[in-house]
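# Residue-level structural notes
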Amino acid sequence: MLRFITTLALLFPILSFAQTSIVRGTVKDKVSEEFIPGALISMGGSFKAISDDNGNYEFKDVPYGQYTLEVVSFDYDTLKINFTVKSKETIIDPELGGSTEIEEIRIIGNISLDRKTPIAITKISAEKIAEELGSRDLPMLLNATPGVYATQTGGGDGDARITVRGFDQRNVGVLIDGVPVNDMENGAVYWSNWFGLDAITNQIQIQRGLGATKLSMPSVGGSLNIVTNGMHNRKGFSFKQEYGTGNFLRSSLSYNSGRTKKGWGFNFSGSYKQGDGWVEGTNTQGGFYYGKIQKVIKKHLISLSAFGAPQKHGQRSFYQPIQYWDSQVAKDLGVTIDESAIKDRGIRFNQHWGYITNEDGKQEIKNERLNYYHKPQITLKDFWQVNKKLSISNIGYMSIGKGGGTRLANSAGTLYTEEGHIDWDAIVKANQVDQLFGGPNIDLAYSPTELKSTQVLISSVNNHFWVGYLGQFQYELNPKWTVSGGIDYRYYKGSHYQEITDLLGGDYYINTSNFNDPNPMKRKGDKIALNTYNNDRDGFVQWGGVFGSVEYSGNRWTAFLNLSGVINAYKGVDYFQKKVLDLGDTTLRIGANDTIEYNGNTYTASSPGLEYFATDWKSIPGGTVKAGVSYILNENSKLYANLGYLSRTPQFSNVIDNNTNSFFREIKNEVIQAVELGYSFSNKYFGVNVNGYFTNWKNKPFPFGVAIPDPNDPTATIYLNINGMDAIHYGGEIDVAYNIFKNLQAEAMLSLGDWTWNSSETFYVPELDYSFTFDAKGVHVGDAAQTMLNFSLRYEPIKKLYFKVQYQWFDRYYAAFNPFYLQGADARREAWKLPSYGLLNAFAGYSMNIKKVNLFFNAMVSNVLNTKFMADATDSYYAPFNADAQSASVVFGQGLRFNLTLGINF
């Protein structure tokens, strides 16, 4: 017995050390969650490995005990992790990145952790952007995201649009580094202003539904958070040259210093592009610049950034009858061809351009519809990590936008060639030569020597000045509870007017379209108002918001509650249509050609003491309540639920009538109620996300009001704000990712929506004895595909060489229409449904390292099969509502396009 005990005592250390484990994991970037290859991982002195292309490492036969894992990677701070090995398999996933910079991005950028946050999240990595974007607009990359539908609209560069769960981009909140960028007057996002962002984007996070963004945002459908590179990213230079369809050329150069030993970080990027466009007459030219300087000062991270994208590009009207593009497609859809109307122009045709003879006698392209804009944005941030529990951030930003879009003033007087393009030389000749007598086109009533233009090119100018401040804090009460809050202030001034940009061979132009114009004789650069809406006006918007959030994060349960409140203030100033004179006992509104008698005195637009007609400030409150909870079932899966209530202040166009620069009679907030349930599972090989949502959108207003006869002047019209249109959006989404083999991955997505209008109302105005009735109950919402499918395969036959194919399918797209015009016989009538379509896209690339230099090549081909499809459509906006292919106006999507990229990182 003693011998047996002695033997066990001698064998015990051997048996103990005989218990070994496998230690493995994946090294990732803490912000982008991209894999980090080439990292040196060491442990216990005798275990060393280098992470592979997917960031993976593994140690075998590791004895039980306590260890320190050390991870070293070029451009990242060294990471050390203490842990205990006490099971057969131990998983350690190191995440690299400077802690201060990471906290700044997570808190300021409203970035959520998909492992814990109880919302539907999709992340687009910088690698995916590089592989799939090509020369397309950024929204086109998102078509593989559940619930997202994006199109190129008319086909102009930067003219893409996006909808999320059936809500257009005016109802999708967009942030860049935590700063909101939706237009303050109408909520829109113009993607041509953000060309070049792909060069400096670290990741894009799409939160569908109301999301977990703390700010009071117009995120009915979702929010899009774009995070740019900073000192936490890899340092070095990058240059790439692109060539694509339509002689598209783009050169881009970027530099990131990383974090220097003295705590500085420099990030610069520049890009230039030019091309002819896939659609004819949509030539483009633009530049992009970006600079960010960061400095760590003790516990502060100071950041100053500036970027902008001056550009100009040709555009095309969105919609035309189907036969206009292709009469055979129209016939196949049951359309009766009108032989007297235009047909078979081709899907690349654009009527808004032509050739003009320049001063050298050479022909050059001239666009009628030319968009030009420059919107630089400057942001100053201070992120203060007070201690391990408390952080405070302050952001000040400014945006100054200048630009607009051109068109001909007299559409009826436009001259075209036989091919259907604008005949600029004929227009110039008509402006210079009298059509009856053949001599100079002179009107003695205005000038005995100068030429009078009958057709001119005008520009609708939309400038803005925007400043804002965003301050917030986050405090960790204990390891499980965190509170945060802040304030959000924005001031916006939008200036809108029209001006003459080209007299097309003449010397002046007479404005006969607007009798209120005090000076109808116009020259180049003069402001002009062709109607009462396109006058010279300013729109002012102020936004003051507060928000607060409480978050709980336990071992399994995670929950949040977010409250926000906002006061939106509106003001309009009319510099053209009417002026006001304060006489003490009354205020006179005097038009440009008015003569008003009051108390024995005569007043005109030139009377002394007149001021431009301005409204008072009107303030409207709103607010948001959002809550969510998630439960981690195990290390691979979770359940979550969230709900929210949003009282959203109306857009400027539903507060102030631009025709009269006065407040509408009926102004009400929109109300959004939403609930969502979801489940997610992921391991090393397989991941799936499933969710269902229900959104009740109440009191959607009629855009810009409804025109009715003025009861006091039957020859005039007034505008009423019609409220009460409700919609219900519900559906389900599933996306799957599967690593079939180490070098073969598959992704799939299915999105099914059922979005319908839910109102049948009669709107009555007692003081005007006017009623307005509409009945859209149960009619499907238009303007986006309600069924979407995506499937892709990515294969790497050898290291760093990849091929990827992607198939996208869209169905149940109902044409856009105005539900307020579903009246009488058209009540509850469905809009025309477009034919479904599928697109095949292909991608390929290869990279190689030569010492510390990385060479890479990427190729993209969208719509490989050159499928002909209708991407957008609208039914008649006004009665009668025909709701068929005969009355529909459409725009076809783009055919086969390619992009080739050759670049170098060093």
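The shown structure was predicted, so the numbers you read here are calculated from the model rather than taken from an experiment.

With that out of the way, let us pick up the overall build of the chain. Across its full length, the chain carries 7 helices and 60 strands. Taken over C-alpha atoms, the radius of gyration comes to 31 Å for the chain, in line with the 29 Å a tight globule of 906 residues would show. Burial status across the chain gives 54% buried among its 906 residues. Considering only residue pairs separated by 6 or more positions, the chain has 67% of its internal contacts joining residues 24 or more positions apart. Only carbon and sulfur atoms are counted for the fraction: they give 57% of the accessible area of the chain, which is about 39700 Å². With 85 positive and 89 negative side-chain charges, the chain shows a separation of 11 Å between the mean positions of the two kinds.

All right, on to the environment of Phe-694 then. Looking at where Phe-694 falls in the secondary structure, it is placed in strand S47 (residues 686-700). On a C-alpha basis, the gap between Phe-694 and Ile-728 in space is 7.4 Å, while along the polypeptide they are 34 residues apart. Ignoring any residue separated from it by four or fewer positions in sequence, one finds Phe-694 in contact with Gln-673, Ala-674, Val-675, Ile-728, His-729 and Tyr-730.

Let us now look at the nonpolar core. The tendency in soluble globular proteins is for nonpolar side chains to be buried as a group. Membership of the largest hydrophobic core comes to 63 residues, with the highest contact counts inside it found for Tyr-149, Ile-322, Ile-722, Trp-757, Trp-832, Met-870 and Val-890. For Met-870, the residues in contact, after removing those within four places along its chain, are Ile-322, Val-329, Leu-333, Trp-832, Leu-834, Pro-835, Tyr-837, Val-890, Val-891 and Phe-892. If you look at the next biggest cluster of nonpolar residues, it comprises 30 residues, including Met-140, Val-174, Trp-194 and Ala-309.

Read from one edge of the open sheet, 3 strands run S5-S1-S8, paired in mixed fashion. Each edge of the open sheet is held by one strand with a lone partner, namely strand S5 (56-63) and strand S8 (89-91). Here the strands of the sheet are splayed against their neighbours by 20 degrees on average, with no regard to which way each runs. Pairing analysis gives 6 bridges linking strand S1 (residues 20-26) to S5, with the strands arranged antiparallel.

All right, on to the sheet that holds strand S11 (residues 148-151) then. Strand-to-strand pairing in sheets goes through backbone hydrogen bonds, with the strands running parallel or antiparallel. Read from one edge to the other, the open sheet built from 3 strands follows the order S11-S12-S13, with strand pairing classed as antiparallel. If you trace the sheet from one side to the other, it starts and ends with S11 and strand S13 (167-168), each paired once. By the bridge criterion, 4 bridges tie S11 to strand S12 (residues 161-164) in an arrangement that is antiparallel. Bridging across to S12, Val-148 finds its partner in Val-164.

Taken together, the side chains of Phe-473, Tyr-475, Leu-477, Trp-481, Val-550, Leu-561, Leu-563, Val-625 and Tyr-645 make up a nonpolar region of the molecular surface, amounting to roughly 760 Å² of accessible area. Those elements that provide at least two residues to the nonpolar patch are strand S31 (457-476) and strand S37 (557-582). In this structure, Leu-477 sits in the loop between S31 and strand S32 (481-502). Given the relative accessible area of 45%, Leu-477 is considered partly exposed.

For the rest of this paragraph, the subject is the pairing of strand S3 (residues 40-43). The sheet contact formed by S3 and strand S4 (residues 47-50) spans 4 bridges and is antiparallel. Each residue of the ladder has a partner; that of Ser-42, found in S4, is Lys-48. Between the end of S3 and the start of S4, which pair antiparallel, lie 3 residues, with Gly-44 showing a positive phi angle near 65 degrees. Bridge count between S3 and strand S6 (residues 65-72): 4 bridges; the pairing is antiparallel. Across the sheet, residue Ile-41 finds its bridge partner in S6, namely Val-71.

What follows is about the confidence of the model for the chain. Residues at a pLDDT of 70 or more form 91% of the chain, whose mean pLDDT is 88. This stretch, residues 1-17, has a pLDDT under 50; its non-local contacts, to residues over four places away or in other chains, come to 1 contact.

Below, the discussion takes up the pattern of salt bridges. If you walk through the whole model with that rule in mind, you get 31 salt bridges. Salt-bridge contacts for Glu-89 lead to Arg-24; the nearest nitrogen and oxygen are separated by 2.7 Å. Here Arg-24 lies in strand S1 and Glu-89 lies in strand S8, a separation of 65 residues in the sequence. Classification of Glu-89 as partly exposed rests on a relative accessible area of 41%.

Now for helix H7 (residues 424-432). Along H7, the residues classified as buried are Trp-424, Ile-427, Val-428, Ala-430 and Asn-431. The arc enclosing the buried residues of H7, seen along the axis, measures out at 160 degrees, which places them on a common side.

Here we come to the environment of Gly-548. Within the secondary structure, Gly-548 is located in strand S36 (residues 537-553). In this structure, the C-alpha to C-alpha distance between Gly-548 and Gly-486, residues 62 residues apart in sequence, is 6.5 Å. If sequence neighbours within four positions are ignored, Gly-548 has contacts with Ser-484, Gly-485, Leu-561, Asn-562 and Leu-563.

Where strand S18 (residues 236-244) meets strand S19 (residues 248-256), 9 bridges bridge the pair, whose relative direction is antiparallel. Note that in S19 the partner of Gln-241 across the bridge is Ser-251. Hairpin connection from S18 to S19: 3 residues lie between these consecutive antiparallel strands, with Gly-246 at a positive phi of about 75 degrees. Across 7 bridges, the pairing between S18 and strand S60 (residues 897-905) is antiparallel. Paired with Gly-244 across the bridge in S60 is Asn-899.

Cut-offs applied
- Residue positions are counted from 1 within each chain, in the order its sequence is given.
- Where local features are concerned, this predicted model is filtered to residues with pLDDT of at least 70; where side-chain atom pairs are given and counted, the filter is 80 or more; whole-chain, interface and lining totals use all residues.
- Calculated side-chain values reflect all of the structure's heavy atoms, with hydrogen atoms and water omitted.
- Where helices and strands are cited, they refer to DSSP runs of H or I of at least four residues and of E of at least two residues respectively, numbered from the N terminus.
- Here the globule rule reads 2.2 Å times residues to the power 0.38, and the radius of gyration is calculated from C-alpha atoms.
- Relative accessibility decides the category of a residue: with a 1.4 Å probe and only protein chains considered, values under 20% of the type maximum give buried, values over 50% give exposed, and everything between is partly exposed.
- Whether two residues are in contact is decided by their heavy atoms: any pair within 4.5 Å suffices.
- For the area figures, the Shrake-Rupley method with a 1.4 Å probe applies, and any residue is considered shielded solely by the protein chains shown.
- Residues scored as charged are limited to Lys and Arg (positive) and Asp and Glu (negative), so that His and the chain ends carry no count.
- Working definition for charges: the position is that of NZ of Lys, CZ of Arg, CG of Asp or CD of Glu.
- Throughout this description, the term nonpolar core refers to a set of buried Ala, Val, Leu, Ile, Met, Phe, Trp, Tyr and Cys residues connected via side-chain atoms within 4.5 Å.
- For two strands to be treated as a pair, DSSP must find no fewer than two bridges joining them.
- Axis definition: a line fitted to C-alpha atoms, limited for helices to the stretch in contact. Angles are taken between N-to-C directions and run from 0 to 180 degrees.
- Exposure above 30% relative accessible area and no salt bridge define the residues that can form patches, which grow by joining like charges within 9 Å and nonpolar side chains of Val, Leu, Ile, Met, Phe, Trp and Tyr within 5 Å.
- In what follows, salt bridge is the name for a side-chain nitrogen of Lys or Arg lying within 4 Å of a carboxyl oxygen of Asp or Glu.
- You can read pLDDT as the predictor saying how much it trusts each residue, on a scale of 0 to 100.
- Working note: the arc is built from the helix axis to C-beta atom directions.

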